[in-house]
Amino acid sequence: MTRLIFNTGVSTLLCIVLFSCTQVDVFEKNTNIPGHNWKSDFTAGGSFDIKDTTVIYNMFVVLRHTDAYKYENIWLNVGLQAPGDSMRYTRYNVQLAKGATGWEGKGMDDIWEIRKLVETNSQAFKKKGVWNFSINQLMRDNPLPHMMSAGLRVEKTALK
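These numbers were taken from a predicted model, which means no experiment stands behind them.

Novice: What is the right way to read the packing of aromatic side chains from this model?
Specialist: Where two aromatic rings form a pair, the distance of their centres and the angle of their planes describe that pair. Considering all chains together, one arrives at eight aromatic pairs under this definition. Here F48 and F133 contribute two aromatic rings whose centre-to-centre distance is 6.5 Å and whose plane-to-plane angle is 35 degrees, an arrangement assigned as tilted. In this pair, F48 is assigned in strand β3 (residues 44–50) and F133 in strand β11 (residues 129–137), connecting sequence segments 85 residues apart. The same class applies to F48 and to F133, which are both buried. Plain terms: the ring middles of Y69 and Y71 are 5.8 Å apart, the flat faces sit at 70 degrees to each other, and that makes the pair edge-to-face. The exposure class of Y69 is buried, given its relative accessible area of 3%. Among the residues examined, Y71 registers a relative accessible area of 26% and is labelled partly exposed. The rings of F27, F48, Y57, F125, W131 and F133 are connected pair by pair, giving a single aromatic cluster.

So, in structure tokens, the structure goes:
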């Protein structure tokens, strides 16, 4: 009987903790790369809705690759389009590994996933509405082998 009461109490406490946490506003969209060979003209993209312009956001590029990827970095062209505006592009050199310590990010078997902050200063979205994004690889290899997916993550951080 004591065991049943203890288990019920632990379950109730766990539910209270899980449901009382504040909701984190996050958007993440990843696009699978066909055949794990990223052609320079293949765009990983999507859209997200900004409803609150009074907060600051962090933007991350999310990449998944295999252990066989032969470089320690990847050059990306990341486009961001505000509602009613044209796409604006920024080039990023994303570090995926460090020679002595190996791959950055999280790995399972031979698959690695990394989230890299692409805006060193947090992003303030000045317009409400649907924003579009695009990501292309700018490496010399075309196609670029062993890249599995690419995407964007947008997180609310704090008030302006």
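Novice: Explain the pattern of salt bridges to me, please; I cannot follow it from the model alone.
Specialist: Side chains that carry opposite charge are capable of pairing whenever their charged atoms lie near each other. Per the stated rule, a full pass over the model turns up 10 salt bridges. Two residues, R153 and E28, come together in a salt bridge whose shortest N-O distance is 2.5 Å. Here E28 lies in strand β1 (residues 26–32) and R153 lies in strand β13 (residues 147–159), a separation of 125 residues in the sequence. Accessibility expressed as a relative area gives 15% for R153, which makes it buried.

Novice: What is the right way to look at the confidence of the model for the chain in this model?
Specialist: Detailed conclusions should not be drawn from predicted coordinates in areas where pLDDT is low. On average, the chain scores 86 in pLDDT, and the residues at 70 or more come to 82%. Low confidence marks residues 6–20, where pLDDT is under 50. Its contacts with residues over four positions away, or in another chain, come to zero contacts.

Novice: Teacher, can you tell me more about the pairing of strand β5 (residues 73–81) here?
Specialist: Strand residues, when the strand is regular, have side chains that alternate between the two faces of the sheet. Burial analysis of β5 places seven of its nine residues in the buried class, which makes it a mostly covered element. With eight bridges joining them, β5 and strand β6 (residues 88–95) adopt antiparallel strand pairing. Paired with L76 across the bridge in β6 is Y92. Connecting the antiparallel pair β5 and β6 is a turn made up of six residues, with G84 showing a positive phi of about 75 degrees. Looking at chain direction, β5 and β11 are connected through six bridges and run antiparallel.

Novice: I'm lost on the pairing of strand β4 (residues 55–66) in this one. Help?
Specialist: Counting buried positions along β4 yields 11 of 12 residues, so the element is predominantly enclosed. Alignment of β4 against strand β10 (residues 111–117), held across seven bridges, turns out to be antiparallel. By the bridge assignment, L63 is partnered in β10 with I114.

About the thresholds
- Think of each chain on its own: its residues are numbered from 1, step by step along the sequence as written.
- It should be noted that, the model being predicted, local features are given only for residues of pLDDT at least 70 and side-chain atom pairs only at 80 or more, the latter also being counted only at that level, while totals for whole chains, interfaces and linings use all residues.
- The basis for every side-chain value is the complete set of non-hydrogen atoms in the structure, without hydrogens or water.
- Each Phe, Tyr or Trp ring, with Trp reduced to its six-membered ring, pairs with another whose centre is within 6.5 Å; inter-plane angles below 30 degrees give stacked pairs, above 60 give edge-to-face pairs, and intermediate values give tilted ones.
- We count a stretch as a helix when DSSP gives it H or I for four or more residues in a row; a strand needs E for two or more, and each element gets its number in order from the N terminus.
- Partly exposed residues are those whose accessible area sits between 20% and 50% of the maximum for their type, while under 20% is buried and over 50% is exposed, using a 1.4 Å probe and protein chains only.
- Whenever Lys or Arg places a side-chain nitrogen within 4 Å of a carboxyl oxygen from Asp or Glu, that contact is recorded as a salt bridge.
- Note: pLDDT gives the predictor's confidence per residue, expressed from 0 to 100.
- Every residue pair with non-hydrogen atoms within 4.5 Å of one another is taken to be in contact.
- For two strands to pair, DSSP has to find at least two bridges joining them.

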